[in-house]
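Listed below are the residues making up each chain.
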Amino acid sequence: MTVPAPHADALARIAVQRLETQVLGSTTRYWQYGPPDAARTVLIVHGYRGDHHGLEPVIALLPEVRFVSPDLPGFGESTPLTEAPHSIAGYARWLERFIELRGLGDAVLLGHSFGSMVTTSAIADGLRPPALILINPISTDPHKGGGAIMNALTRAYYGAARKLPERVGRALLGNWVIVQIMSATLAKTRDRDLRRWIHEEHHRYFNGFSDPATVAEAFDASLSTDVTKFADALSMPVLVIAGADDEIAPAPGQYTFAEQLPQAELVMLDDVGHLVHYEQPAAAAQAIRRFLGSLG
């Protein structure tokens, strides 16, 4: 039985366009939500093994904002990069070129999880957005977040997927039990219907990738750095939205990261972990609306 999306009615009232463009060899599909002539445009960079659907619960609550949400190359409906590696630096180059091609230089950047590393890396490389929003940013060494045992198991899992024949590797990566364990570990809500919907979302979209090799390459990228390495470049206003119970990006690291920045606001949400966008989208949307309003 499918659980109705909590944000479905609100999202249905927002205009949506599916578009595409060529960026560094990737046919990049992207979605535009909201009024084209909105006062503010927010460009979203989603998390690892996600796609444009992930932030829709937040988008649905901000109908006055124009959102542009591409699927990262190799994930969702976008094809892999052919002119850059699927590394943080490679994805940062893709983001810079996407912004240039689509005329989005004035857009506020929003990075979720893996997307936080891509956006901050691009800024360190010279990109200059007017402001930055980070949801569940990876502010702690990725080798430490999540615990030593879980990290070792995860590395072994992706290592095996990389070495196996593609058909077998794809089956391993898409294994129902493994995806369910991941989803159950990340979800913190006690709302049974919401938990069921979160699990359904992960089973629907977590396996939307082009091939196991790209997934494994991007997994290596996800362990290669964290946002603190790019903190010196983040001179613009920054909003950090984090979960107090986040095991992937623990709360102490979020406080330390925010303290490094000259214009940072940290919104720490209780009773939620790494799935702020699913479990507390209203709180995230409220913080984003206030932040965008403060930009003038």
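Right above here is the structure, for reference.
Residues numbered from 1 in each chain as written. Predicted model: local features only at pLDDT ≥ 70, side-chain atom pairs only at ≥ 80, totals over all residues. Heavy atoms only, no water.

Asker: Could you give me a rundown of the packing of aromatic side chains, with the residues and numbers involved?
Answerer: A complete count under the given rule lists 7 aromatic pairs for this structure. On the basis of an interplanar angle of 65 degrees and a centroid distance of 5.9 Å, the ring pair of Tyr-48 and Phe-75 is categorised as edge-to-face. A residue pair is termed long-range when its members are at least 10 positions apart, and Tyr-48 in the loop between strand S3 (41–45) and helix H2 (56–59) and Phe-75 in the loop between strand S4 (66–70) and helix H3 (88–102) qualify at 27 residues. The two residues Tyr-48 and Phe-75 agree in class, both being buried. On the numbers, 6.0 Å between centres and 50 degrees between planes, the contact of Tyr-48 with Phe-114 is tilted. Of the two residues, Tyr-48 is situated in the loop between S3 and H2 and Phe-114 in helix H4 (residues 114–124); the sequence distance between them amounts to 66 residues. Taken individually, Tyr-48 and Phe-114 each receive the classification buried, so the pair is uniform in this respect. (Phe/Tyr/Trp six-rings, centres within 6.5 Å; stacked < 30°, edge-to-face > 60°. Helix = DSSP H or I, 4+ residues; strand = E, 2+ residues; numbered from the N terminus. Buried < 20%, exposed > 50% of the residue type's maximum accessible area, 1.4 Å probe, protein only.)

Asker: Tell me about the sheet that holds strand S1 (residues 16–23), and name the residues and values.
Answerer: Spatial ordering of the open sheet is given by S1-S2-S4-S3-S5-S6-S7-S8, a layout of 8 strands whose pairing is mixed. Of all the strands in the sheet, just S1 and strand S8 (264–269) have a single pairing partner and so form its edges. Adjacent strand axes in the sheet meet at a mean angle of 20 degrees when their direction is disregarded. Across 8 bridges, the pairing between S1 and strand S2 (residues 26–33) is antiparallel. The partner of Val-16 across the bridge, within S2, is Tyr-33. (Pairing = 2+ DSSP bridges. Axes fitted to C-alpha atoms, helices over the stretch in contact; angles between N-to-C directions.)

Asker: Talk me through the environment of Ala-131; I want residue IDs and the actual numbers.
Answerer: Residue position: Ala-131 is located in the loop between H4 and strand S6 (132–135). In contact with Ala-131, other than residues within four places in its own chain, are Val-108, Leu-109, Met-236, Pro-237, Phe-291 and Leu-295. (Contact = heavy atoms within 4.5 Å.)

Asker: Tell me what's going on with the pairing of strand S5 (residues 108–112), and back it up with residues and numbers.
Answerer: Counting buried residues in S5 gives 5 out of 5 residues, a clear majority hidden from the surface. Burial of S5 is two-sided: the residues Val-108, Leu-110 and His-112 facing one way and the residues Leu-109 and Gly-111 facing the other way are all buried. In the sheet, S3 pairs with S5 via 4 bridges, with the strands oriented parallel. Bridge pairing in S5 links Val-45 to Gly-111. Note that S5 and S6 share 4 bridges and pair parallel. Bridge pairing in S6 places Leu-109 opposite Leu-132. For the handedness criterion, the β-α-β arrangement of S5, H4 and S6 is classed as right-handed. (Right-handed = clockwise from strand over helix to strand, strands pointing away.)

Asker: Describe the nonpolar core, naming the residues involved and giving the relevant values.
Answerer: Residues Leu-43, Leu-95 and Phe-114 are the most contacted members of the largest nonpolar core, which totals 52 residues. Contributions of two or more residues to this core are made by S3, H3, H4, S6, helix H5 (148–163), helix H9 (212–222) and strand S7 (238–243). Sequence-distant contacts of Phe-114, defined by excluding residues within four places in its chain, comprise His-46, Gly-47, Tyr-48, Leu-72, Ile-88, Tyr-91, Ile-138, Ala-218, Ala-221 and Ser-222. The next biggest cluster of nonpolar side chains, apart from the first, holds 31 residues, and it includes Val-58, Val-65, Phe-67 and Ile-133. (Core = buried A, V, L, I, M, F, W, Y, C linked by side-chain atoms within 4.5 Å.)

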